[in-house]
Each structure stands twice: as C-alpha cells, then as structure tokens.
Amino acid sequence: MAVTLFIPAALRPFADNKAAVILPAKTAGEAVAALAAAYPDIQQHLYEPGGALRSFVNLFVGDTNIKNADGLNTPVPDGGEVTLVPAIAGGCL
Amino acid sequence: MLRMTSSLAREIRAQGEAAYPNECCGALLGLWDPEGVREATGIFPIPNARESGEQYHRFVITPEDFLRAEKAARAEGLEVLGFYHSHPDHPAAPSDYDREHALPVYAYVITAVADGRAEAMTSWRLSPDRARFDPEDILI
C-alpha cells in the first residue's frame, strides 16, 4: 500500500526539499515513520525524544485531523493522502 | 527577498485595519524557490482563532485552517510561502512570542497598525537555530 505524504515548506530542507513523497504505509503513524526512516534529519523535528509526535506537528488523513480519529493508528487508504501541518501562532507582546 | 504586488500589500494592510484593535492573520501563497526570491501572488485570509479577549496581542491559525490554505495553494499550483499578521499599536517587529512560535523557512510579514491605520510592513525569517529573526526585503 502506498500513500502520498505532503511536507510543509518548513520541513522540506530536511527532506531533500521535496513537497511530497510516496511511502508504504497503512496508517498515519506508519506514514510519518516511513518519512523519518527515509530522511533521518527530519526525525528530530517530528518526534519528542520519547517517541511521541511533537506538539506543533499535526497530521491529517485527507481532511481528518488524526487527533479526532485514532491518532497515529488512523488508517490511510491505498493511494490516500497524509498532510503534515505545523501549528502557527504569534502576537505583538 | 519577498516580492509582492502593491495590490497584495494593500489587501494585507486593509485586513490589519479592519481587524484593529485585534490582530489579523493569514497565509501568503506564491511560488516557492528555496534558493532564491519568493513571489507572493495571493493571500489566504484566516480568522484569528485565539480567544476574543486575547486577539489584541495574539493570533492562532488552527491546523484545519492551515490545511485549507495548503489545499488552496496546491489547487493553484502554488505553495504556502509564509504568514502575515498585524501588530495593533505596536511596531512591525517580531516579538519574543513571535519568535518562540515561529518556524524556519517561512516568511513572516508583520504590519504595524496605529490607531486603526496601517503603517510599516516588514518581513522576517527565523534563523535555523531559532535564535533570532532576520529581516528580509519586501520588493513591491
């Protein structure tokens, strides 16, 4: 089973500047793990030292935030799309 | 360097004025070249998701809104180049809070809005070690 994982611009320097990669995966967790295996430099930006996804990293399967589904176990259909989405915030004070 | 048309700059400034005294926010869409000039060709306005009592000095873009921006960009063959927001009654310079919540690579455009009127507009990029924001020229 192959899925397409879209990489936000902020993380592309750690993945040969690729905007998307096709990876073997059946779940969202397998997709992001396959990305980290293919591009080891990106691993530190995705995972806490304990192995959990970093808090600013969000994963969507299609339009579904995996936090509203089965987390990293959220299934991805063959040919499906997974998108890495960073959290964005700021302010003047 | 970040290139944008004068009409795009006017749209960003107008959003800052419309949101005053709160902060506006949105995504910059355009052509992505990691090695060279970035050209913003459109904006994707996003509602400030921070609670209303905090919007005068904070903005949040939810992951769902970020995904909508990414998909809008992809549909046009564009990329999310970065983000813009306003600083009501504060200079167009990133705060420590901006830096702590920023990501490298993206352009962060800030518009100062004083007494409801948009003034300076600046653009910044976070250094790879996250230690500082470096200014970048905006070519209009």
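Scroll up a little and you will see the structure.
Keep in mind that what you see is a predicted model, and the values were worked out from it rather than measured.

Before going further, it helps to examine a nonpolar patch on the surface. All names here are of chain B. A surface patch of nonpolar side chains, about 230 Å² in accessible area, is lined by Met1, Val37 and Leu139. Here methionine 1 lies in the segment before β1 (2-4). Judged by its relative accessible area of 39%, methionine 1 is partly exposed.

What follows is about the interface of chain A and chain B. Each partner contributes to the interface: chain A provides 26 residues, whereas chain B provides 32 residues. Carbon and sulfur atoms supply 62% of the area buried between chain A and chain B, which totals about 2400 Å² over both sides. Taken as a group, Ile88, Cys92 and Leu93 of chain A account for 29% of the area that chain A buries against chain B, more than any other trio of residues on that side. At the surface where chain A touches chain B, the tally comes to two salt bridges.

This brings us to empty space enclosed by the protein. Enumeration over the complete set of coordinates arrives at one cavity of 30 Å³ or more. Taken as a whole, the largest cavity encloses approximately 30 Å³ of empty space. Every residue along the wall of the largest cavity is listed here: Leu11, Phe56, Val57, Asn58, Leu84, Val85 and Pro86 of chain A together with Leu103 of chain B. Of all elements in the fold, only β3 (57-61) and β5 (81-86) of chain A reach the threshold of two or more residues within the lining of the largest cavity. Here the residues of the lining of the largest cavity are counted per class, giving seven nonpolar, one polar and no charged.

This part takes up the sheet that holds strand β8 (residues 133-136) of chain B. Residue and element names in this part refer to chain B. Ordered in space as β8-β7-β6-β5-β2-β3-β1-β9, the eight strands form an open sheet in which the pairing is mixed. What marks the edges here is a single partner per strand, and that holds for β8 and β9 (138-139). In terms of strand pairing, strand β7 (residues 117-126) meets β8 through four bridges, oriented antiparallel. Among the inter-strand pairings, serine 123 is bridged to a residue of β8, identified as glutamate 136. Across the sheet, helix α1 (residues 6-19) touches β1, β2 (25-31), β3 (38-46), β5 (79-88), β6 (107-114) and β7, and the angle it forms with β3 is around 30 degrees. Helix α2 (residues 63-75) contacts β2, β3 and β5 of the sheet and is inclined by roughly 135 degrees relative to β3.

Quick notes on the rules
Residues numbered from 1 in each chain as written. Chains lettered and ligands numbered in written order. Predicted model: local features only at pLDDT ≥ 70, side-chain atom pairs only at ≥ 80, totals over all residues. Heavy atoms only, no water. Patch = residues over 30% accessible without salt bridge, like charges linked within 9 Å, V, L, I, M, F, W, Y side chains within 5 Å. Areas by Shrake-Rupley, 256 points an atom, 1.4 Å probe, with all protein chains shown as cover. Salt bridge = Lys/Arg side-chain N within 4 Å of Asp/Glu carboxyl O. Helix = DSSP H or I, 4+ residues; strand = E, 2+ residues; numbered from the N terminus. Buried < 20%, exposed > 50% of the residue type's maximum accessible area, 1.4 Å probe, protein only. Contact = heavy atoms within 4.5 Å. Buried area = accessible area lost by both parts, 1.4 Å probe. 1 Å grid on protein atoms, 1.4 Å probe; cavity = no way out; pocket = protein on both sides within 12 Å on 5 of 7 lines; lining within 4 Å. Points joined across faces, edges and corners; volume = space filled by probe spheres on them. Nonpolar A, V, L, I, M, F, W, Y, C, P; charged D, E, K, R; others polar. Pairing = 2+ DSSP bridges. Axes fitted to C-alpha atoms, helices over the stretch in contact; angles between N-to-C directions.

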